[in-house]
Amino acid sequence: MNNLAIILAGGEGTRMHSEKPKVMAEILFRPMIDRVLDAAKGAGADEVCVITGYKAEILENHLAGRAVCVHQDRRLGTGHAVMQALPLLREKQFDNVLILNGDAPFIDSETIREALSYHLTRGFVQTVISARIDDPTGYGRIVRDYNGDFTAIIEEASADKETKKINEINSGAMWFRADALVELLSKVTNDNSKGEYYLTDTVGIAVREKRPVGAYTAKNADAVLGANNRLQLMELNEKLRRKVLERLMLSGVSIPCADGVIIDDHAEIGTDTVILPGTIIKEGSTVGRHCVIGPNTVLYKTKVGDNVTLNQVQAEEAEVADNANLGPFVHLRPNAKIGEYVHCGNFVEVKNSVIGAHTAVSHLTYVGDSDVGKGVNFGCGVVTVNFNGKTKNRCVIGDDAFIGCNTNLIAPVKIGDRAYTAAGSTIDRDIPDDALAIARSRQENKENWVIRKKPYREKKY
Ligand code: UD1
Ligand code: CA
């Protein structure tokens, strides 16, 4: 079977008051369009076509290579939006076409697949995914006859008082047999109060032609929810946030207070890990077992092992091995690889560096573009001087080295195993194994200099 998915994403989303297309609005840090795209692909769509319109270039850049984008020059309604994909439908032979609304981010692959099998086994030309919801205001209503057979979708703007009471609504997601879609679309007109080509009119047309159509009621009623303004966006965010936290707690993660805790819906977190307030775990992150994460920790594309403590840590594209203890106030920048039993804390920044096991970087230190061995001790205020204004260079520090306080390591430079640097040294030459490097001028004491020079004003106290 060869199935096409068409995602409608051309609308401006006036009520969002945004300079971006509405479908770029994020739910748990991921644009709604990405969630809908994942659902389509997860349900087995062979090809995905996104109908763009308002600020199309933003969507085209965002989706590059992930979907075919077709531009709708004028927004004349959802039926008109689907018409833009007609050339694609003529060009290739598709069996079925799935239509999805780009602004309904909770649609899931399972619901789509169940609707497809309902559609195929009953031989329908069109199967609409519907849901029963408490407040149907604003949605198209599913109209059924006295037998319960689906006969039409009536949009809110065209609905009379009785129709408005119907609480089974059109999710906007629907399956068509490809040939039927082309035929039905050619009969849709804009003869309604808004002057739009409604995709939903295809149902009434099919029924009049005595072609079989159906409405598949989604088990997951949330699958139909959409966000038209930022208040609804917040409600969807909160709904998904709670759902993720509940799933994690029921699988053995402790979240004693969920204030400010936001966790990506794909994040994996091990059992007996505790997540403290203000912790945000974004996409591409995993956390092992028996960790304490937070308070106020942000992880983005970061892998954290078991028994790790992250207290007030910001990490992006980093890795932290088992038993590391980081914080308070640590910044891990891309490609920071922190080894087992490492301690970093109190204003330490690590970037594009490997820190070997059991190394301690405890205070006010910058480690950038460096390969640090095992068991190294960094004194307070060490700086790897990795940038000379033109190029970035690496520092290599051997196992069990001891870097004295306020050492500058001017890269490229290599510090041998067990080597020491004297506090306050500026090191720009390699240090052999087991050596002490002193790179500062020797101290001289001038006896009675103050008495002779009297460099101060007379003190009044
Ligand atoms: C639509 C349905 C309604 C359903 C609801 C579910 C129609 C006529 N109505 O209403 O039955 O209950 O979705 O959320 O289909 N779009 C375009 N081009 C256009 C117009 C819209 O690409 O010319 C896109 C929008 O960006 C959006 C989607 O189509 O992603 C739905 O359009 P929207 O205007 O939000 O329709 P609703 O009023 O929500
Ligand atoms: Ca909508």
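Residues numbered from 1 in each chain as written. Chains lettered and ligands numbered in written order. Predicted model: local features only at pLDDT ≥ 70, side-chain atom pairs only at ≥ 80, totals over all residues. Heavy atoms only, no water.

I keep staring at the sheet that holds strand S29 (residues 360-361) and nothing clicks. Help me out?
Paired through backbone hydrogen bonds, the strands of a sheet run either parallel or antiparallel to each other. The strand order S14-S17-S20-S23-S26-S29-S32-S35-S38-S40 describes an open sheet built from 10 strands, whose pairing is parallel. The open sheet has two edge strands with one neighbour each: strand S14 (274-275) and strand S40 (436-437). Judged from the 2 bridges that link them, strand S17 (residues 292-293) and strand S20 (residues 309-310) form a sheet pairing that is parallel. Each bridged residue has a counterpart across the sheet, and for Ile-293 the counterpart in S20 is Leu-310. (Pairing = 2+ DSSP bridges. Helix = DSSP H or I, 4+ residues; strand = E, 2+ residues; numbered from the N terminus.)

Which parts of the structure should I look at to understand unusual backbone geometry?
Note on backbone geometry: most residues besides glycine have negative phi, and most peptide bonds are trans. The omega angle of the peptide bond from Gly-294 to Pro-295 is 0°, so this bond is cis rather than trans. With respect to the helices and strands, Pro-295 occurs in the loop between S17 and strand S18 (298-300). Following Gly-327, the chain continues into Pro-328 via a peptide bond in cis, with omega recorded as 0°. By the element assignment, Pro-328 lies in the loop between strand S23 (325-326) and strand S24 (330-332). Phi at Asp-400 takes a positive value of approximately 60°, unusual for a residue other than glycine. With respect to the element layout, Asp-400 can be found in the loop between strand S34 (395-397) and strand S35 (402-403). Not every positive phi belongs to a glycine, and Asn-406 is a case in point at roughly 55°. Looking at the secondary structure, you find Asn-406 in the loop between S35 and strand S36 (408-410).

What should I look at first to understand the site of ligand 1 in this one?
With respect to spatial proximity, 20 residues lie near ligand 1, and among them Gly-11, Gln-72, Thr-78, Glu-155 and Asn-170 are the closest. Gln-72 places a polar side-chain atom, nitrogen or oxygen, 2.7 Å from a nitrogen atom of ligand 1. Between ligand 1 and the protein, one listed contact pairs an oxygen atom with a side-chain N or O atom of Glu-155 at 2.7 Å. If ligand 1 stood free it would expose 750 Å²; the protein chains cover 85% of that surface. Among the cavities detected, the one that contains ligand 1 is the largest pocket. Every element with two or more residues in the shell around ligand 1 is listed here: strand S1 (3-9), helix H3 (78-83) and strand S10 (168-177). Looking at the shell around ligand 1 residue by residue, the class counts come to 6 nonpolar, 11 polar and 3 charged. (Near = heavy atom within 4 Å. Polar contact = N/O pair within 3.5 Å; in protein donor to acceptor, adjacent residues only side chain to side chain. Areas by Shrake-Rupley, 256 points an atom, 1.4 Å probe, with all protein chains shown as cover. 1 Å grid on protein atoms, 1.4 Å probe; cavity = no way out; pocket = protein on both sides within 12 Å on 5 of 7 lines; lining within 4 Å. Sits in = over half its atoms within 2 Å of the grid points. Nonpolar A, V, L, I, M, F, W, Y, C, P; charged D, E, K, R; others polar.)

How do you make sense of the layout of surface pockets when you look at a structure like this?
To find the voids left in a structure, one rolls a probe of water-molecule size over its atoms. The calculated volume of the largest pocket comes to roughly 1700 Å³. For the largest pocket, the lining is made up of 49 residues, of which Arg-15, Lys-22, Asp-103, Gly-138 and Asn-228 are closest to its centre. Elements supplying a minimum of two residues to the lining of the largest pocket: S1, H3, S10 and helix H9 (230-250). For the lining of the largest pocket, the class distribution of residues is 16 nonpolar, 20 polar and 13 charged. Looking at which domains feed residues into the lining of the largest pocket, each of domain 1 (3-224) and domain 2 (230-437) supplies at least three. Roughly 450 Å³ of volume is contained in the second largest pocket. Of all elements in the fold, only helix H1 (32-42) and H9 reach the threshold of two or more residues within the lining of the second largest pocket. Top contributing element to the lining of the second largest pocket by residue count: H9, with 5 residues. Formed jointly, the lining of the second largest pocket draws a minimum of three residues from each of two domains, domain 1 (3-224) and domain 2 (230-437). (Points joined across faces, edges and corners; volume = space filled by probe spheres on them. Domains from an automatic or database assignment.)

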